[in-house]
Amino acid sequence: MSISRRDLLAVRLTDRPAPIRPPWTREADMARCTGCAACTEACPAGIVRMEARLPQIAFAGAECSFCGACAEACSAPVFDLARPAFAHLAAVTEGCLPQDGVACMACADICPEAAIRLRPRIGGPALPDLSPSLCTGCGACLSVCPVEALTIHPLEPAHA
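The paragraphs below set out a description of the structure included in this document. As the structure is a computational prediction, the values presented were derived from the model and not from experiment. Along each chain, residues carry numbers from 1 onward, in the same order as the chain's sequence is written. A pLDDT threshold of at least 70 governs which residues receive local features in this predicted model, and a stricter bar of 80 or more applies before side-chain atom pairs are shown or counted, although totals over entire chains, interfaces and linings include all residues. Calculated side-chain values reflect all of the structure's heavy atoms, with hydrogen atoms and water omitted.

The next subject is the pairing of strand S2 (residues 54–57). Regular strands place their side chains on alternate faces of the sheet. Summary of the burial criterion: residues with accessible area below 20% of their type's maximum are buried, those above 50% are exposed, and those between are partly exposed, where the area comes from a 1.4 Å probe applied to protein chains only. Put simply, DSSP H or I for four residues or longer makes a helix, DSSP E for two residues or longer makes a strand, and each gets a number counted from the N terminus. Burial along S2 is one-sided: the face carrying Pro-55 and Ile-57 is buried and the face carrying Leu-54 and Gln-56 is not. Strand pairing is assigned whenever DSSP identifies at least 2 bridges connecting the two strands. Examined bridge by bridge, strand S1 (residues 48–51) and S2 share four bridges and lie antiparallel to one another. Directly across from Arg-49, in S2, lies its bridge partner Gln-56. Between S1 and S2, which pair antiparallel in sequence order, lie two residues; one of them, Ala-52, sits at a positive phi of approximately 55 degrees.

Structural data, given as structure tokens:
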């Protein structure tokens, strides 16, 4: 396999994770978005932000409560309340503190759906075990993890 110097040094934008869109929307819906930012102004948690004139979710400081304010504020046909809110789930990565022997229960304590349970183990702290059937993708666990060991895992392709 031959790689040119340009290919070797080029920044790959495709390596970035796909943006997380507001609840009840998908990437394909963004073609109808007008970029008015009404959804960002309506979000009481302040997690809907505009990036490149399109809304996306930033779970860094809060979670989605599924209040629907973003959908109510939008005048374009972007939101579809008949579908599941998010097309993703949370996932625990290898950087999780209990996997390194440090007791931490932040994600399990904060999860509003009790989708993260702590599985006891002999000789170490309990390990988080995420139940995909209970996870709503709200992001509560992401905002409290002290080592950012939780990520978003898409349920469907990013273009859907």
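The structure having been displayed, the exposition proceeds.
Unlike most non-glycine residues, Trp-24 shows phi in positive territory, near 65 degrees. Since its relative accessible area comes to 10%, Trp-24 is described here as buried. The phi torsion at Ala-114 lies on the positive side, around 55 degrees, for a residue other than glycine. With respect to the helices and strands, Ala-114 occurs in the loop between helix H4 (106–110) and strand S4 (116–121). Exposure remark for Ala-114: the relative accessible area of 31% places this residue in the partly exposed category.

Another point: the nonpolar core. Generally speaking, nonpolar side chains in soluble globular proteins are found buried as a group. Residues enter a nonpolar core if they are buried and are Ala, Val, Leu, Ile, Met, Phe, Trp, Tyr or Cys, with the set joined through side-chain atoms within 4.5 Å. Counting 18 residues, the largest nonpolar core has Ile-47, Val-48, Ile-57, Phe-59, Phe-79 and Phe-86 as the members making the most contacts within it. Listed in part, the 14 residues of the second largest apolar core include Cys-111, Ile-116, Cys-135 and Leu-150.

Mapped onto the elements, Cys-64 comes out in the loop between S2 and helix H3 (69–73). What makes Cys-64 buried here is its relative accessible area of 10%.

Before going further, it helps to examine the packing of aromatic side chains. Pairing of aromatic side chains requires ring centres within 6.5 Å, counting the rings of Phe and Tyr and the six-membered ring of Trp. Pairs whose planes differ by under 30 degrees are stacked, by over 60 edge-to-face, and all others tilted. Applying the stated rule across the entire model yields three aromatic pairs. Between Phe-59 and Phe-86 the ring centres are 6.0 Å apart and the planes differ by 75 degrees, which places this aromatic pair in the edge-to-face class. A residue pair is termed long-range when its members are at least 10 positions apart, and Phe-59 in the loop between S2 and H3 and Phe-86 in the loop between H3 and strand S3 (88–92) qualify at 27 residues. No difference in accessibility class separates Phe-59 from Phe-86, as the two residues are buried. One aromatic cluster is present, built from ring pairs that chain together Trp-24, Phe-59, Phe-66 and Phe-86.

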